[in-house]
Every structure is written in C-alpha cells, then in structure tokens.
Amino acid sequence: MSFKINTYTKSREMFNRAFKVIPSGIYGHQGPSEGCYIPNDAFPLYSSKAQGTYFWDLDGNKYIDYMCGYGPNVLGYCDPDVDAAALEQLKKENCVTIPSSVMVDFAELLVDTVACADWAFFAKNGNDVTSLAVITARAATHRKKIVFFNGYYHGVSPWTQKLDYPGILEEEVCNNIYVPWNDYAALERVFDENKGEIAGIIAQPYMHGNFMDNEFPADGFWQKVRKLCDDNGTVLIIDDVRAGFRLDLAGSDHYFGFKADLICFCKALANGYNVSALCGRADLKDVVSSITYTGSYWMSAVPFAAGIACINKLKKINAPALFKEKGEKLTTGLVAAAKEHGFHLKATGAPALFYLRTADDDSLMIHQEFIAEMVKRGVFLTSHHNHFINASLSDEDINRTIEIAEEAFKVVRERHPL
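Quick summary incoming for the structure in this document. Source: prediction; values computed, not measured.

**Some words on the environment of T348**
Within the element layout of this structure, T348 appears in strand β11 (residues 345-348). Residue T348 is classed as buried on the basis of its relative accessible area of 13%. T348 sits 135 residues away from D213 along the chain, and the two C-alpha atoms are 5.9 Å apart. If we ignore the near neighbours within four places in the chain, the residues touching T348 are D213, N214, F354 and Y355. Only 2.9 Å separates the side chain of T348 from the backbone nitrogen of N214, close enough to count as a polar contact.

Given below as structure tokens:
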C-alpha cells in the first residue's frame, strides 16, 4: 500500500502571517525552532479542527495524533461527556468574583481519588503547581536547596532552568542540586554534604525526559528516597504533570509503591480544559494557606466541571489498563515494522506515554527521517519527545499506524541501504 504524501501550502502561508506579529511565528515547545519538528517542511504548523484521536491541519490533512496536545487529550478531542459538563457549567457561571462551589466538588473528588492527597489547590499550568510545590517545601522547612534528577523538566520558571539559559540569573538557580537518575548513592552523598539544608526533592515518577530513552526507577529506589526524606525532614515532590492518571488513577507515586508529600497534576486532569492541581499531605495544608499565590483565572468554574467529568470517565473506563493495552500493541507493532527493514527501534517508558528512538545512528538523523515520513503520511509524532495514548484510539488506528510505519521505514532504508 502506498499512502498519500501531505502538502502544507496553507500552513506555510499562515506561518508567514504569524511570523510578522507573533515571536517565532509559533513560540514555545510547539514552535518549528525547538528541535522536535525536523525537517521542518515535513510537518504541518496549524490545525483547523480536532475530534477523538484525530486532528486536521489547515490544508485538510488528517492525522492520527500521538502527541495529544502534548498530553491533555487523554479521552479524545471534544469528548462528549467532558464538553457537556463544561457547557452546562458555562451556562451557570465561570470566572466570578467569588469561587463556584464546583471547586469544592472537584477538590473532594481528587482527595478521594489520589492516594497521597488530603487537599487540592488549583491553578492553570503544570508550571504553576510545580512552582508552588517548591515554594511550599521551602516555607515548610525554612531551607533553600532543592534536589533535581538530571534530565528533568518541571516547567519554565527561572528556578527550573539552567544558568546558561537567556535571562536566567545565578541567584535564581544557585540553590539547585543535580544528581543522576536512579543513583541512590549519589543522592545520599548530596544529603550528607548538605546536612539540614535540603528543602525538597522534585522528580518525575520515572525518567521521561526528552532526547533520551525513558527509564523506570530501580527496584526499591523510591522506597529508599522516601526514607531518606523522612530521616532528613525533606519534602518529597512528585511532578506527575505528564504521567498523572495514565499509570494509576491514584497517582504515579502509588503506582511505584510509595507516598509523595506533594504531587503535581495537569495534563490529563480535564481533557484539555485549563486547570492544574497541587495535592498533598494534611500537615502541609496550612503551609500552602500561608503562601501568597494566585492568578486571575485560577478559580474559573468551567475547567473544574470538566475535570470532574474527566476523572470520573477515566475511572469508568479503567483508563490506565486501557492505555497499557493499546500502547503495548502499538509499540510492539512499530518495533516489528522497524526490524522488517533492518532497523532497531527502541520503545521505552510506560506504554501509555511511550518514547521512541531508532538506535541505528547516534546523530538521531535516521530517527528524524522516520518520524518525518510518518507525519507526511498522516501519523503525528515528534522526533525526541515521549508520545501519548488516548482513549479514543482504535485498533484500526493502531493497525494503520503500523502499516504507515512499514512504508516509512522502507523509504528510509532505500535512502540508507545496508
């Protein structure tokens, strides 16, 4: 079978307009200059509509979408149950002088759902709640230092960045300590060298960074980290913004058999409606209450209603099991398609948010070529970021994806013969 090759005339025309009035035309991680859309001319730049597991670009090309809005599309675009709940709430109220009681309903649902949650604080972006988590750790301990694991991503605030990044000051990152992932001995040394000075550890539940194979925690790793934090009065923060509700509806800490002090959610929380949440243990509630931290739209009611509908539906369909099943079927098929043409495709991380790397070329260019050929044929992936399964993905979609992968690897092999 030969698949249609997409063209992007209208996307390019729109980008030329955008470039005149928007920094970079498209800024941030979805922009063409960020390194995940290579070569740039293989990718569409603007969408026109979305439904279920698909979106359409300005030129009318349809895509099976494995980026899912970089995570928020967990049930399917325009999910009827979530949208109906949001619309019903919108008819009553949204952003009002005082909060809607639906905020309390949503908080109660999260406390009932998330294993380590005794309370919930709502904001808009993942960065909002990771920042609040770090502020809370410092307020609770009266300490400054925060431990990160190399390969992390916790948002875009100055404290999350590196000293050589534009605009970042030394004093904004001087209390950051970096250790290798899964290296408990290195972590112990850091605690010994900074006795009584470490406010918190912030970490993803497993290493699902970009430009690297994803890696689960070693056996017993989190249990040892939990005890180390307890012994040293350090707050353990889990950044579950990306993986949250995809591995375990009770939280990814629960999935790996330990209990976080603070846990951050966003992407899968409301199926694309803009809300995030910091949840935590009871004795940190008063600490959070003491912090000056808010936003103009953080108590808007529509996303809370959407979040309630989303979490309830994730429970009803047993989403983690569904994502695991679909993700395993997809990644097994993609690896087999690569092997058929003499390539070694590695699929790492959880099947619900899998990471792909064609391990035949350290320059990464062969993998970029493969991804580009997939996109041009209607399967949207990016080169060096983990991908997402959503509940609307069908077996037919998976089979078509594998068929397109077979053709894509064939094309790449013809360019790079053995």
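**Details of the sheet that holds strand β9 (residues 262-265)**
One open sheet accounts for seven strands, arranged β4-β10-β9-β8-β7-β5-β6; its pairing is mixed. In this open sheet, the two strands that pair with only one neighbour each are β4 (119-123) and β6 (176-179). Taking the axes of each pair of neighbouring strands and ignoring which way they run, one obtains an average angle of 20° across the sheet. Sheet topology note: the β9/strand β10 (residues 276-280) ladder contains four bridges and is antiparallel. Bridging from a neighbouring strand, L262 pairs with G280 of β10. Sitting on the sheet, helix α4 (residues 126-141) is in contact with β4, β5 (145-149), β6, β7 (198-203), β8 (235-239), β9 and β10, with an inclination near 30° to β10.

**What about helix α3 (residues 102-113)?**
Its 12 residues place the ends of α3 16 Å apart at the C-alpha level, agreeing with the 16 Å of an ideal helix rising 1.5 Å per residue. Looking at α3, one finds that the buried residues are V102, M103, F106, A107, L109, L110 and T113. Along the axis of α3, the buried residues cluster in a sector spanning 160°; they form a single face. For α3, exposure combined with an orientation more than 90 degrees from the buried face picks out E108 and D112. Buried residues in α3 make contact with α2 (80-92), β4, β10 and α10 (301-316).

**Side note on a nonpolar patch on the surface**
Taken together, the side chains of V21, I22 and Y27 present a nonpolar region at the surface, about 340 Å² in accessible area. Position of Y27 relative to the elements: it lies in the loop between α1 (9-21) and β1 (47-51). Look at Y27 and you get exposed, because its relative accessible area is 59%.

Reading the values: rules and limits
Residue positions are counted from 1 within each chain, in the order its sequence is given. Under the rules for a predicted model, residues below a pLDDT of 70 receive no local features and side-chain atom pairs below 80 are neither given nor counted, while totals for whole chains, interfaces and linings still include all residues. The basis for the side-chain values is all heavy atoms of the structure; hydrogens and waters are excluded. Here a strand is any run of E in DSSP of at least two residues, a helix any run of H or I of at least four, and the numbering for each starts at the N terminus. Under the scheme applied here, a residue whose accessible area is under 20% of the maximum for its type counts as buried, over 50% as exposed, and between as partly exposed, the area being computed with a 1.4 Å probe on protein chains only. Contacts are residue-level and defined by heavy atoms, with any inter-residue pair within 4.5 Å sufficient. Polar contact is defined as a pair of N or O atoms within 3.5 Å, subject to the rule that within protein one atom must be able to donate a hydrogen and the other to accept it, and that residues adjacent in sequence are counted only when both atoms are side-chain atoms. Two strands are said to pair when DSSP picks up at least two bridges between them. Axis geometry follows a simple rule: fit a line to the C-alpha atoms, using only the stretch in contact for helices, then measure angles between N-to-C directions, giving values from 0 to 180 degrees. Take the number of residues in a helix, subtract one, and multiply by 1.5 Å to get its expected span. Note: the arc covers the axis-to-C-beta directions of the helix. Any residue with relative accessible area above 30% and no salt bridge may belong to a patch, with like charges joined within 9 Å and the nonpolar Val, Leu, Ile, Met, Phe, Trp and Tyr side chains within 5 Å. Only the protein chains shown count as cover for residues, and the accessible areas themselves come from Shrake-Rupley with a 1.4 Å probe. Salt bridges are counted wherever a side-chain nitrogen of Lys or Arg sits within 4 Å of a carboxyl oxygen of Asp or Glu.

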